[in-house]
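Coordinate inspection notes
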Amino acid sequence: MPALRIGIEMLSKKTSNTIAGIAFLSPNILGFLAFTTIPLIFSMILAFSNWDLTLHNMFHDDTIQFVGLKNFIQLFRERDFWKFLGNTLFLMMGAPFAIAGSLIAAILLNKDLKGKKSGIFRIILPGAILFVSCVMLTLVGMGAAALTIVIVGAVGMTLISGILFGQTVYRTLFYLPNFTSGVAVYILWKKLYSPQTGPVNAILEKPVAAVGNIVNATPSWVISAGEWLFLIIGLFILMKVLKSLFNHWKDGDLGTCGLGLSLVFAMMPFFFAILWAPSAAAKFAVPAIATAILVFHLARSLRTRDFPCTTWHGVGTGFMISMISLVPMFMLIGFAAAIANLPVLSADGLQPPEWLSNYDWAKPAIMIMGLWGAIGSNNMLLYLAGLSNVPPELEEAADIDGASPFQKFWNVTWPQLAPITFFIVVMSVIGGLQGGFEMARTMTQGGPWGSTTTLSYFIYNEGFATGRLGYSSAISWVLFIMVFSITMINWKFGSKYVND
Amino acid sequence: MKYIFVAILFVLIIATIGTVMVNKQTSSGKPVIYWVTDNNPARALQINTFQSWMKKKGYPDCELRLDTANRDVSKQVIQSVSGVGGDVMDCWSGGGDIMYFAEMGIMEDVTEDAKRLGFDPSKTFPSLEDDLKVGGKQYIFPCNVGASMYFVNCDAFKKFGLTPPPMTWDIAEFERRGKEFVEAANKGLERRQYFMAENIDMISTMRSYGNDVFNETLTRSRMTGEGNDGYMKALILNKKWIEVDHIIPSAAEVQSFSTDSGYGGATFQLFFKGNFAMVSTGRYALIQFRQFGKMDLDAVQYPNGGYPNTIIATRAALVYKGGKHKDLSKYFLAYLASEDYNMNIVNDGDSLPPNPEFTKTEEYLHPKDYPNEWKVHKKFAQDAVDISIVLTKSPFVANKRVYGYMDDARQAVLSNKQTPEESVAYCETRINEEIDRNLLEKPKLKPEYDRQVELQKKIDEYRKTGKKIPKDWISNPYHKKYYKDMGWLE
């Protein structure tokens, strides 16, 4: 009997603890159910319906009908969808740089400055930046743009505070973009990008004009050589990527379908070159050379295969390799196109870009702003936390072995940060695909000519400009499928590298 | 932890009770109607006048409260279809909101009440009738009326030894004067800081060539083909005047002005400073201009390619169909037609009063504190009557889309991504595709659409043979007026 009593008491204590726990969690659970789970399920159902606010609401008798895949078919036939998807993916190309930036920021901020009498942060770097700031002020003629002076003054103050109070000030300031209101930041950046009076162009004006003069004085063959240099570097990367993919295939790490899919992705930038490359020679020669490289690898590798595997084996590995290579290849082709266009642009004197009001520059302008925000974001905090968890004995061992700082970073720190990098990559991809709404609405209204309209802004416009909520939900779910697929690929193959 | 949790819960309950008690204290016990509008300081006076007008008329006692947090159209839509819209809501007729709201069925039909209480279309500008009614039913009444013109800062012209432009001018004269102005004003400057006009009105320019975005029956967009190139001409002029003649600033040049605050943003301040010698706007801009100080003001029409015209639009009030106090809300619309309200608008300069009768008063024509504006008032009132036409809205397409596509065409041309010919053709195709899609998704529209298509065929035949056309066949407000002015109507 006493055992039973103790049992009942224990059970009642357990039950009471469970009830207390649920009570604590209930506000959050209820909120999650009401504002996330139920709308999520509802929107999934809506995606297959014709719900249109102009037809189906409390003032109309029309009933909502299920239309199967009609919304999705309509979406894939929609010209704007592909354009806005392209914009979203273009803006996401900034993510690797943002991740690298936040890592560098974390490494810099992880340095223990206290106790060092002449650390780089305390004297050399602030001194150098202040000196550059003074030069900049002189260049822009002191009174040319009040905002420039304000910004340079703020930078100066920051550095002085840093000298006085050390690393904490920098950590706080680097994190500032993350807790500053988005809209305020966007308006500030709009001012920074102001074409004729903004500080960005005030700084760029003279160097850009100088570049223009140099370009005008440069023989056209040198410009052409510059264009080709970037294209050749791009082709070189392609060669390496193809080699890597075929090696994976030969070693049985990549199946035939995986290889085919990866090749399509890897070759993609060079077919875009047909659209982008300004010179006729490059338009045709680059895709031709890229195709020749592919044919060469095919001819060389397809004859023998050391370790066969299933058709779809390693598809993620191939996908990851080709996707990672896409960013530099696209950028190199972009640089090549920019160089080839320089003589035309410089003919009447090269001007700094018109940023947000120019179709071609609006997206890069938003990318640069995003980069600024991302460097000082939660990613930096995660990296800071990760860096503090790197076992010091590993670094000491590397020191004893005579490793250089780079070797230490590459072989000790970086592998230790792999789980954090993986998490950041996943979150950046998700954020990148879903993002862009606030920026587009505040800074550009999606223009010029839809160049900054992202999928999230497209969803909003579809939902509220026409009232087609079913269709709008379908777009949301297509976006979700994209996010989910990429995350799954990341998870499956990225986590493998992390665990390795 | 449990105790903290319970304590927080307790505090929240107390706070809830407190909030309810405070709200009870502020309640007057009278029925309350909520007016969803913008946060304009003039609203306080308008509310007071409403209360006294209700009393004077012996109408039921009620309280009018402002809701300035929900003026955004997307908020209005979501709240209205969910049954919690404001009793009276402002809506802007220009962008097609009224057609959108009407399609959703959130507006109360006030046709009969308007006749009974005296706020039917005869109490406002006749050119607005097509905006007040959808499908023959009246849903709204204007709070104020805007007919757009160029406000002219005469001092900006005189400063450079130039005479201000005439009331009516053609495209060639606009260009000639524009070139003269920018050359004289920007002489010796490092970068261009002076422009004759802040922009051109693309729709009015298109219409001045005898074209509109839709055909006579609103069944198709018609912007290409022989005799329909008005929008293309407007696009070409816009690009030329920005990039070649620099009569109007580019987006980059506008962004480069560091002024960007206050109502109307940078535009009105730059107009006051003379950087823009003319701005395209309605009479409501006077509210802001009066705060800047005295300017020698005038108003002129947009340059025309043969047919002078301007756009008339209204910030109107509608009665929410799901409202608790619909009858009281209708009195508010009647108030908008009253002398008490109209004189408020006359005195504060918030555009044109809803009732054109009040534009003939001395207070409207010659406000004693603002003699610098005296050239302006009559012209705005006159143009609202003589040359104004509402923006065309088709019942077969979401009109926000239509004007969005038209603006896309403008941006595409300015970005050198499409030629004017390509952009207009693309725009027309997109609008027509949208109409086709809408007809598929809303089969209820089809019978009326087919009827209108048949009428369109007849109109086209009559036009070919030069026969006059019955007025009833035309639903497009632009074509109604254009045909009438050309003498093409029966």
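A few words on the overall build of chain A. Looking only at helices and strands, chain A has 21 helices and 0 strands in total. Buried residues in chain A amount to 32% of all 500 residues.

The next thing to look at is the overall build of chain B. The number of helices and strands found in chain B is 21 helices and 12 strands. Taken over the C-alpha trace, chain B has a radius of gyration of 25 Å; the compact-globule value for 490 residues is 23 Å, and the two agree within 12%. Overall, chain B is about 75 × 60 × 60 Å in size when its C-alpha atoms are taken along their principal axes. Taken across its 490 residues, chain B has 47% of its residues classed as buried. Taking contacts inside chain B between residues at least 6 apart in sequence as the whole, the part at least 24 apart equals 74%.

This part takes up the pairing of strand β11 (residues 310-319) of chain B. Residue and element names in this part refer to chain B. For β11, the buried fraction is high: 10 of the 10 residues fall into the buried class. Alternating positions in β11 separate into two faces, T310, I312, T314, A316 and L318 on one and I311, A313, R315, A317 and V319 on the other, with burial throughout. Where strand β3 (residues 88-92) and β11 come together, 5 bridges link them in antiparallel fashion. Across the sheet, the residue bridging to M89 is L318, located in β11. Sheet topology note: the strand β6 (residues 140-147)/β11 ladder contains 7 bridges and is antiparallel. Within β11, the position partnered with G146 by the bridge is A313.

Residues and elements named next belong to chain A. Between helix α16 (residues 392-400) and helix α17 (residues 405-416), the least distance of the axes is 10 Å, while the angle of their chain directions is 145°. When the axes of α16 and α17 are compared, the crossing they make is right-handed. Judged by residue contacts, L394, E395 and A398 of α16 engage K408, N411 and V412 from α17. Among the residues making up the contact of α16 with α17, the classes are represented as 3 nonpolar, 1 polar and 2 charged.

Here we come to the interface of chain B and chain A. Taken together, the contact between chain B and chain A spans 29 residues of the former and 27 residues of the latter. Of all the secondary-structure elements, those providing two or more residues to the side of chain B that touches chain A are α1 (2-26), α3 (73-81), α4 (97-104), α11 (251-256) and α18 (399-414) of chain B. Within the side of chain B that touches chain A, the residues separate by chemical class into 9 nonpolar, 9 polar and 11 charged.

Let us now look at the domain arrangement of chain B. Split by domain assignment, chain B resolves into domain 1 (1-27) and domain 2 (31-147 + 313-389). Each of domain 1 of chain B and domain 2 of chain B has a C-alpha centre, and these two points are 40 Å apart.

Before going further, it helps to examine the sheet that holds strand β7 (residues 149-153) of chain B. Residue and element names in this part refer to chain B. The strand order across the open sheet formed by 4 strands is β8-β9-β7-β10, and the pairing between neighbours is mixed. In this open sheet, the two edge strands, each paired with only one partner strand, are β8 (195-197) and β10 (297-300). Pairwise comparison of adjacent strand axes, ignoring direction, gives a mean angle of 30° for this sheet. As paired elements, β7 and β10 share 4 bridges and run antiparallel to each other. Among the inter-strand pairings, V152 is bridged to a residue of β10, identified as D298.

All names here are of chain A. With 22 residues, helix α12 (residues 280-301) extends 32 Å from end C-alpha to end C-alpha; this agrees with the ideal 32 Å at 1.5 Å per step. Inspection of α12 places A282, V286 and A290 among the buried residues, and these make up the whole buried set. Down the axis of α12, the buried side of the element spans an arc of 55°, and every buried residue falls inside it. Of the exposed residues in α12, the ones pointing more than 90 degrees away from its buried face are A280, A281, A288, A292, V295, F296 and A299.

In this structure, Y150, F151, I312, A317, L318, F332 and L336 of chain B are the most contacted members of the largest nonpolar core, which totals 182 residues. A per-element tally of this core places α18 of chain B first, with 8 residues. Among all residues touching F332 of chain B, those that are not within four sequence positions of it are I33, F50, L64, V88 and A317 of chain B. L235, W249, M329 and L332 of chain A belong to the second largest nonpolar core, which has 30 residues in total.

All names here are of chain A. Listing the buried residues of helix α19 (residues 437-444) in full gives M439, A440, M443 and T444. For α19, the angular spread of the buried residues around the axis is 100°, confining them to a single face. Tucked inside the fold, the buried residues of α19 contact α8 (182-192), α14 (359-375) and α20 (455-465). One or two positions beyond α19, positive phi appears at Q445, with a value near 50°.

With that settled, consider the pairing of β7 of chain B. All names here are of chain B. Burial runs high along β7: 5 of the 5 residues are buried. In terms of strand pairing, β7 meets strand β9 (residues 276-281) through 4 bridges, oriented antiparallel. Residue pairing for β9: V152 is matched across the bridge by M278.

Take the confidence of the model for chain A next. Put simply, chain A has an average pLDDT of 83, and 85% of its residues get 70 or more. Averaged pLDDT values for the elements of chain A fall to 62 in helix α5 (residues 120-139) of chain A and rise to 94 in helix α2 (residues 70-77) of chain A.

Now for the environment of G96 of chain B. Residues and elements named next belong to chain B. Its location among the elements puts G96 in the loop between β3 and α4. Separated by 307 residues in the primary sequence, G96 and Y403 place their C-alpha atoms 9.2 Å from one another. Those residues in contact with G96 that lie beyond four places of it in its chain are K393, N399 and K400.

Cis geometry is found at the peptide bond from G447 of chain A to P448 of chain A, where omega equals -5°. Along the chain, P448 of chain A falls in the loop between α19 and α20. Notably, W449 of chain A is not glycine yet its phi reads approximately 50°, a positive angle. Checked against the element boundaries, W449 of chain A lands in the loop between α19 and α20. Unusually for a residue other than glycine, H246 of chain B sits at a positive phi of about 55°. Assignment of secondary structure puts H246 of chain B in the loop between α10 (230-244) and α11.

Our focus in this paragraph is the environment of L489 of chain B. Residue and element names in this part refer to chain B. Relative to the helices and strands, L489 is located in the segment after α21 (477-486). L489 gets classed as partly exposed once you count the C-beta atoms within 10 Å, which come to 18. In sequence terms L489 and F380 are 109 residues apart; their C-alpha atoms lie 27 Å from each other. Among residues more than four places away in sequence, those in contact with L489 are K468, I469, K471, Y483 and K484.

Residue and element names in this part refer to chain A. When you line up the elements, V483 lands in helix α21 (residues 469-499). V483 gets classed as partly exposed once you count the C-beta atoms within 10 Å, which come to 17. C-alpha of V483 to C-alpha of S456: the two residues are 27 residues apart in sequence and 13 Å apart in space. With near-sequence residues (within four places) excluded, V483 lies in contact with I430, L433 and Q434.

Further remarks concern the packing of helix α10 (residues 220-250) of chain A against α12 of chain A. All names here are of chain A. One can describe the packing of α10 onto α12 by two numbers: an axis separation of 10 Å at closest approach and a directional angle of 20°. With respect to their mutual orientation, α10 and α12 come out roughly parallel. Considering only the axes of α10 and α12, their crossing is right-handed. Across from E227, L231, L235, L238, M239, L242, K243, F246, W249 and K250 in α10, the residues of α12 making contact are A282, V286, I289, A290, I293, L294, H297 and S301. Grouping the constituent residues of the contact of α10 with α12 by class yields 13 nonpolar, 2 polar and 3 charged.

Each value, and the rule that gives it
- Residues numbered from 1 in each chain as written.
- Chains lettered and ligands numbered in written order.
- Predicted model: local features only at pLDDT ≥ 70, side-chain atom pairs only at ≥ 80, totals over all residues.
- Helix = DSSP H or I, 4+ residues; strand = E, 2+ residues; numbered from the N terminus.
- Buried ≥ 20, exposed ≤ 12 C-beta atoms within 10 Å, placed from the backbone.
- Rg over C-alpha atoms; globule rule 2.2 N^0.38 Å.
- Contact = placed C-beta atoms within 7 Å.
- Pairing = 2+ DSSP bridges.
- Axes fitted to C-alpha atoms, helices over the stretch in contact; angles between N-to-C directions.
- Left-handed = near helix turned anticlockwise from the far one by under 90°.
- Nonpolar A, V, L, I, M, F, W, Y, C, P; charged D, E, K, R; others polar.
- Domains from an automatic or database assignment.
- Expected span 1.5 Å × (residues − 1).
- Arc of directions from axis to C-beta.
- Core = buried A, V, L, I, M, F, W, Y, C linked by C-beta atoms within 7 Å.
- pLDDT = per-residue confidence, 0-100.
- Parallel < 35°, antiparallel > 145°, perpendicular 65-115°, else oblique.

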